Every structure is written in C-alpha cells, then in structure tokens.
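Here's the letter readout for the chains.
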There are 2 protein chains.
Amino acid sequence: MSKLVIDMMGSDLGSLAAKEGVRLFSAAHPETTLVLVGKKEELADLTGYEVIDAPDVLKMDVGVLEVLRKKGSSLVKAVSAVALTGADGVISAGSTGAFLTAATLINKKIPGVLRPALVTAFPNLEGDGFATVLDVGASNANTAEELAQFGLMGTLYCQEVYGIEKPRVRLLSNGSEDGKGSPLGKEAFPLLKADKRLNFLGNIEASAVLKGQADVIVADGYSGNVMLKSLEGAAKGMSGLLKKAFMRNPLSKLSYLFVRGGLKALKDKMNPKKTGGALLIGVNAVVVKAHGNSDGEAFFHAIELADRLAKAGLVEKIAAGVANG
Amino acid sequence: MSKLVIDMMGSDLGSLAAKEGVRLFSAAHPETTLVLVGKKEELADLTGYEVIDAPDVLKMDVGVLEVLRKKGSSLVKAVSAVALTGADGVISAGSTGAFLTAATLINKKIPGVLRPALVTAFPNLEGDGFATVLDVGASNANTAEELAQFGLMGTLYCQEVYGIEKPRVRLLSNGSEDGKGSPLGKEAFPLLKADKRLNFLGNIEASAVLKGQADVIVADGYSGNVMLKSLEGAAKGMSGLLKKAFMRNPLSKLSYLFVRGGLKALKDKMNPKKTGGALLIGVNAVVVKAHGNSDGEAFFHAIELADRLAKAGLVEKIAAGVANG
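Here the structure is a predicted model, which means the values were calculated and not measured.

Caption draft 1: Broad picture of the overall build of chain A. From N to C terminus, chain A includes 9 helices and 11 strands. In summary, chain A has a C-alpha radius of gyration of 20 Å against a globular reference of 20 Å for 325 residues, a match within 12%. Considering only C-alpha atoms, chain A reaches an extent of 60 × 60 × 35 Å along its principal axes. Here chain A holds 325 residues, and 56% of them are scored as buried. Put simply, of all contacts in chain A between residues at least 6 apart along the chain, 71% involve residues at least 24 apart. A total of about 13,200 Å² of accessible surface is found on chain A, and carbon and sulfur atoms cover 55% of it. Positive and negative side-chain charges in chain A, numbering 38 and 34 respectively, have mean positions lying 4 Å apart.

Quick look at the structure:
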C-alpha cells in the first residue's frame with residue numbers, strides 16, 4: 001500500500017495531462033491512494049480523491065530562492081503535503097530547479113546522505129536495459145565523497161528497481177582507462193574502488209553510455225547534466241532530420257510504412273516518457289519529476305515509477321544503506 | 001603557399017588511408033608542399049615528396065609521459081619536423097593525447113596563450129553551418145581566464161575559417177539563463193561579457209548545441225569532451241538502430257532506396273570525417289588531428305583543413321589577437 005501526492009498543475013499542458021495520467025494510474029493500481037494538489041474547480045471532474053486546493057501555478061522560470069515563498073503554489077503545496085498527509089512520495093511536472101529545491105528543503109535529506117542526486121535512466125541502444133545515471137543536475141558542483149555516495153545510492157536503486165544483485169558501477173570520465181578524468185573524478189575513483197559494497201568497474205566515456213556497459217554511472221551534477229542534454233539534443237535533432245527524409249516525396253512517405261515497426265523500436269528507446277522521468281534520490285520521500293511536456297501516458301509512467309519505489313521502500317533502503325557506511 | 005607535415009602511420013588503417021589522402025590532396029592542391037613521415041619502404045610508391053623515415057608507430061594507448069621518449073615514432077618525428085623543415089603545420093591520426101602533448105611541448109604555446117584548446121565543429125541540424133566548440137579535451141581542468149581566452153581564440157578562428165565577422169559566442173552551461181553554470185562557468189561569464197572583442201550572447205545548454213544558436217561555444221575541456229562524446233555516442237547508437245530498422249525484411253530494405261537521399265543529408269551532417277577532424281589551437285603550428293579510423297577521404301579533408309588554416313595565417317592571427325588583450 002502506498003500513498004502519493006500529485007502536483008496537478010506543473011505541466012506545460014496544465015491539468016489535462018495530469019488528470020488523464022491519474023485516471024490511467026488509478027485504473028491500473030486501485031490499491032494506491034493519490035492526493036491531488038491543484039485548482040479545485042479544474043479537478044472537480046475527478047471524484048473519489050483527496051484534493052488540496054492550490055490557487056497558484058509556479059512559473060517555469062521561478063528563481064530557486066523564490067520557491068519557498070510561493071506557499072500557495074501547487075508545487076510547494078504538493079511537496080509539503082507529503083509529510084502532512086503521511087504520503088510516501090510526490091510527483092510534479094513543474095520546474096526542475098524549483099521542485100528539487102522544495103523537495104530538499106521541505107522533505108529534507110535522509111540522515112547520512114551528503115547530497116541528494118537527480119537520477120535518470122539512459123537506454124542501452126545495443127540491447128536491453130538501462131544505465132542509471134546520477135547526478136544529472138541536482139547539483140552544479142560536487143565533492144569526491146558525494147560522488148562515491150552516488151555510487152552507493154545508485155547501487156541500492158538498481159537493486160530495488162531492476163532487481164540487479166550486483167549492479168556494475170562506472171564513473172563518467174574523459175577516458176576509459178584508470179587515471180583518466182577530471183581532478184574531481186580522479187579523487188572519487190579510489191573512494192568508489194574502496195567501497196566493498198560496490199561492484200565498481202572503473203571509468204566510462206560518454207560515448208559508451210548508451211552501450212549497456214554499466215548499470216550505474218556516477219557523474220558530478222554538472223557533467224551529468226551536460227551529458228543528459230547532449231543526448232537529448234542529438235536524439236531530437238536526428239529525429240527531425242529523419243522525419244524530413246521521409247517527408248521528401250510520395251515514395252519516401254510510402255516507404256515509411258515499411259520501416260515503421262523498426263523505427264518504433266528506435267523511438268521507444270529514445271522516448272524519455274516511457275521511463276517515467278527523473279527521480280530525486282536521497283531525500284525523505286520518493287520524488288519523481290515528470291517531463292514538463294508530459295502527456296497522460298507520461299504522467300501515468302511517472303506515477304507508476306513513484307508507486308513502485310514507494311512499495312519497494314526505497315527511502316528506507318537508502319537510509320539503511322547510507323547508515324551502514 | 002604552405003607546407004605541411006603528415007604523420008603517415010598513426011591511423012588505425014596504417015599508411016594506406018594516409019597515402020590515399022595525400023594523393024587526393026596533392027591532386028587538388030599542387031601548390032602545397034607535403035612532407036611525409038613514416039616507414040620509408042611503405043611510402044616508396046609515393047614519389048615526389050620529401051620523406052622522413054620513422055621506423056616506429058606510437059601505440060594508441062601510450063602514456064602521455066612516455067610520448068617524448070618515443071623519438072623514433074612517426075608522431076613525434078612529424079611534430080618535430082614542423083620546425084626542422086620550416087612547415088606551417090602537422091596532421092596525424094594517432095593517439096589524441098600523445099599528439100596534443102607532443103604538439104604542445106615541441107611546437108610550444110603561442111606567447112600570451114594561457115592554454116591551447118582542442119577545437120571541433122558541431123553541425124547545425126536545423127540549418128546550415130557549424131558551431132565551433134572549444135575546448136573538447138586538450139585539458140581536463142581549466143581556469144576562468146582560460147575559458148575567456150577560448151572565446152577570443154574561437155572568435156578569431158571563426159573569422160578566418162568561416163568568414164563570420166562577429167561570431168556569436170556562448171558559454172556551455174546547465175541552463176540558458178544568466179547566473180546558471182558550474183562554479184567555473186559562473187566565474188568565466190563576466191570575463192567573456194567584459195571582452196569587447198567578443199560578441200558574447202550568454203549561456204547555452206548542451207541540448208541546443210546542434211541548433212545553430214552559436215558560432216563559438218566555450219567549454220572547459222572536461223565538459224566539452226563529455227559533450228562531444230555524448231553526441232558521438234548518440235549518433236552512432238541511433239544510426240545502428242536505424243540500420244536495423246531498414247534491414248528487417250525485404251520491404252523495409254526496398255524502402256531504403258526511397259529515403260536514401262534524405263538519409264544521406266543526415267549521415268553527412270553527423271559524419272565527423274567531412275569536417276576534417278579536430279584542431280589544436282594556441283600552439284605555434286597548425287595542428288590537425290584526423291580521426292583514428294580515417295579513410296582516404298577523411299585524411300584528405302584533414303589535410304585540406306590544415307592547408308586552409310595555414311594559408312589564412314591562423315597562428316599569426318591568434319598571436320596578434322592574444323597580444324592585443
């Protein structure tokens with residue numbers, strides 16, 4: 001049994017996508033309790049849910065320091081509602097910076113966690129499965145000790161979410177050989193290697209991240225963010241050119257029909273909506289950030305990810321793992 | 001008139017690709033003198049060139065500290081030959097680390113240059129042209145002053161190579177707004193802004209790098225390298241899936257014929273061989289690094305890039321620009 005709070009207003013599409021996601025999720029998981037936060041009148045057609053009225057919607061470009069002053073916003077009210085309603089977690093499609101700030105300041109770090117990390121799954125383009133990368137942007141600077149702990153949190157996450165007993169951990173670097181890396185990476189390397197709880201296999205280059213060579217990839221928040229956005233940009237740009245190639249003339253349009261199946265596999269792989277968004281790990285709640293442009297299906301996957309993590313007791317597992325350091 | 005030294009042995013394909021590249025280049029540019037460095041017997045079929053015999057080939061994984069001890073290697077001999085033969089530049093497809101180390105230590109920094117940078121061109125997937133990104137990996141850590149100077153060197157480079165009068169300069173960051181960035185980026189931002197020789201437009205996210213929003217993108221060598229390799233990895237992985245989609249069945253294979261033209265545009269855009277490889281900027285020679293897996297055509301483009309830069313007097317322009325700081 002789990003209980004989750006949903007910020008219904010944060011998405012680019014307003015409450016429509018969130019409402020569809022909630023309907024889909026509740027049909028599939030009637031055992032999970034959802035608490036909805038948003039403009040009450042807009043949510044009136046969803047019956048049978050606890051609703052917390054929030055008149056304001058946080059703008060996407062809200063400054064990080066302003067966030068906590070926006071107490072009437074659906075985002076801050078949703079984050080606060082976790083403790084108030086005894087929920088396990090919270091989902092929002094609102095501003096990443098604002099959501100991470102609110103979740104860190106209001107839900108607070110798990111005792112022993114040095115720094116929460118934003119986690120996201122990168123597809124393996126040469127096979128099945130995912131690489132779990134952290135941090136992809138909760139911080140813009142980290143210490144070596146924080147990086148080493150990301151290795152542990154990522155390991156615990158992979159064990160819970162994917163059932164991988166000994167997740168292969170690698171450190172993002174500018175070369176795959178030992179001894180490569182930024183000064184920070186070089187400092188973190190021996191710490192990761194020394195931690196007997198980790199199956200640490202050394203460095204990995206960004207060019208190999210989509211090749212299935214690691215289950216957990218440790219990065220500082222700044223480089224992890226650069227990597228995430230580079231891959232997103234390349235995927236988007238190439239998809240655009242691909243579309244153009246098929247739209248060129250009647251024959252190319254026709255030929256699309258014959259490769260549609262294969263292209264769907266490519267599209268699904270590169271579709272962040274399928275993976276349920278990103279997750280803030282290391283705070284006292286399951287915190288899932290859905291994409292800003294989430295549709296109903298994306299919302300559904302985000303809620304489902306949060307539900308799975310809540311049921312698996314991820315927060316408790318991280319707390320126990322970090323305490324045994 | 002220019003004179004260039006070619007390391008004939010560094011490529012994964014041995015001297016074959018380099019030899020083809022030399023033939024193609026000399027046919028197109030008979031006015032340029034080429035000095036060839038490699039195993040004399042392997043180069044015997046190329047007539048009319050000055051050849052410097054180099055019995056050894058540097059291994060790709062040679063340690064940076066070992067490089068200069070490998071005096072008999074074609075790479076070190078080629079780099080040394082620049083000054084010895086009065087050449088303008090040198091081209092190699094050998095180990096990037098070894099080549100950069102040798103070029104920096106032997107050809108030396110231009111007076112006033114704080115740190116040489118590895119430069120590469122990223123395609124604009126939504127239109128024409130390129131973004132010139134530096135540093136993509138000559139350093140693994142930089143100072144804010146070095147980043148600011150990368151903005152200047154990139155500007156001078158774009159003016160010479162692309163004839164862009166006021167290249168749009170942006171700083172790689174984790175957000176496009178002012179005030180975003182790593183601690184280093186935040187320190188470099190005001191320096192870039194204060195330099196009146198630059199058309200500095202602020203921050204850029206990695207997701208926008210392929211969108212034609214900048215002519216010059218300044219990055220520290222570590223993040224620039226992560227970005228370069230992320231894009232390479234995504235391009236390679238997606239191309240692989242695309243190929244699979246077309247190879248699925250007879251109809252999908254047939255349909256390839258009708259989109260081939262459009263796909264060629266995509267392929268050409270993402271093909272690093274067309275852009276002539278990467279360039280080390282800031283040393284007293286034109287230093288072009290061809291891809292390790294260069295074929296004859298890629299070698300040709302790399303030599304042509306070096307030739308263009310030599311004829312444009314890039315080294316002298318950088319020296320003058322840096323001196324006027």
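On we go from here.
Caption draft 2: Summary view of the domain arrangement of chain A. All names here are of chain A. Domain annotation for chain A reports domain 1 (1-113 + 282-325) and domain 2 (115-272). The interface of domain 1 with domain 2 comprises 20 residues on the first partner and 15 residues on the second. When domain 1 packs against domain 2, close to 1,400 Å² is buried across both sides, 71% of that on carbon and sulfur atoms. Counting the contacts that link domain 1 with domain 2 gives 1 salt bridge. When the shortest N-O distance is used, the salt bridge between Lys317 and Glu160 registers 3.3 Å.

Caption draft 3: Local environment of the pairing of strand S2 (residues 33-38) of chain A. Residues and elements named next belong to chain A. Of all 6 residues in S2, 5 are buried, a share of seventy percent or more. Here 5 bridges tie strand S1 (residues 3-7) to S2, and the two strands are oriented parallel to one another. Bridged to Leu4 within S2 is Leu34. Here S2 pairs with strand S3 (residues 50-53) via 4 bridges, running parallel. Counterpart to Val37 in the pairing with S3 is Ile52.

Caption draft 4: Structural detail: the sheet that holds strand S6 (residues 130-134) of chain A. Residue and element names in this part refer to chain A. With mixed pairing, the 11 strands of this open sheet are ordered in space as S3-S2-S1-S4-S11-S10-S5-S6-S9-S7-S8. Edge positions in the sheet fall to S3 and strand S8 (199-205), since each of these pairs with one other strand and no more. Going across the sheet, the axis of each strand differs from the next one's by a mean of 25°, ignoring polarity. One ladder, built from 3 bridges, connects strand S10 (residues 278-281) with strand S11 (residues 286-289); its direction is antiparallel. Among the inter-strand pairings, Ala278 is bridged to a residue of S11, identified as Lys289.

Caption draft 5: Region of interest: the interface of chain A and chain B. In this assembly, 47 residues from chain A lie in contact with 47 residues from chain B. Summing both partners gives a buried area of about 4,200 Å² for chain A against chain B, and 71% of it is carried by carbon and sulfur. Interface area lost by chain A to chain B is led by A:Tyr222, A:Met238 and A:Leu241, which between them contribute 17%. Joining chain A to chain B, the criterion identifies 2 salt bridges. Where A:Glu205 meets B:Lys229, a salt bridge forms, and the shortest distance between an N and an O atom there is 2.4 Å. For the interface between chain A and chain B, the tally reads 10 residue pairs in polar contact (both at pLDDT 80 or more). For the side of chain A that touches chain B, the elements supplying multiple residues, two or more each, are strand S7 (168-173), helix H5 (183-194), helix H6 (221-247) and helix H7 (250-269) of chain A. It is H6(A) that provides the largest number of residues to the side of chain A that touches chain B, a total of 18 residues. Looking at the side of chain A that touches chain B, its residues break down into 23 nonpolar, 18 polar and 6 charged.

Rules used in this analysis
- Residues numbered from 1 in each chain as written.
- Chains lettered and ligands numbered in written order.
- Predicted model: local features only at pLDDT ≥ 70, side-chain atom pairs only at ≥ 80, totals over all residues.
- Heavy atoms only, no water.
- Helix = DSSP H or I, 4+ residues; strand = E, 2+ residues; numbered from the N terminus.
- Rg over C-alpha atoms; globule rule 2.2 N^0.38 Å.
- Buried < 20%, exposed > 50% of the residue type's maximum accessible area, 1.4 Å probe, protein only.
- Contact = heavy atoms within 4.5 Å.
- Areas by Shrake-Rupley, 256 points an atom, 1.4 Å probe, with all protein chains shown as cover.
- Lys, Arg positive; Asp, Glu negative; His and termini not counted.
- Charge placed at Lys NZ, Arg CZ, Asp CG, Glu CD.
- Domains from an automatic or database assignment.
- Buried area = accessible area lost by both parts, 1.4 Å probe.
- Salt bridge = Lys/Arg side-chain N within 4 Å of Asp/Glu carboxyl O.
- Pairing = 2+ DSSP bridges.
- Axes fitted to C-alpha atoms, helices over the stretch in contact; angles between N-to-C directions.
- Polar contact = N/O pair within 3.5 Å; in protein donor to acceptor, adjacent residues only side chain to side chain.
- Nonpolar A, V, L, I, M, F, W, Y, C, P; charged D, E, K, R; others polar.

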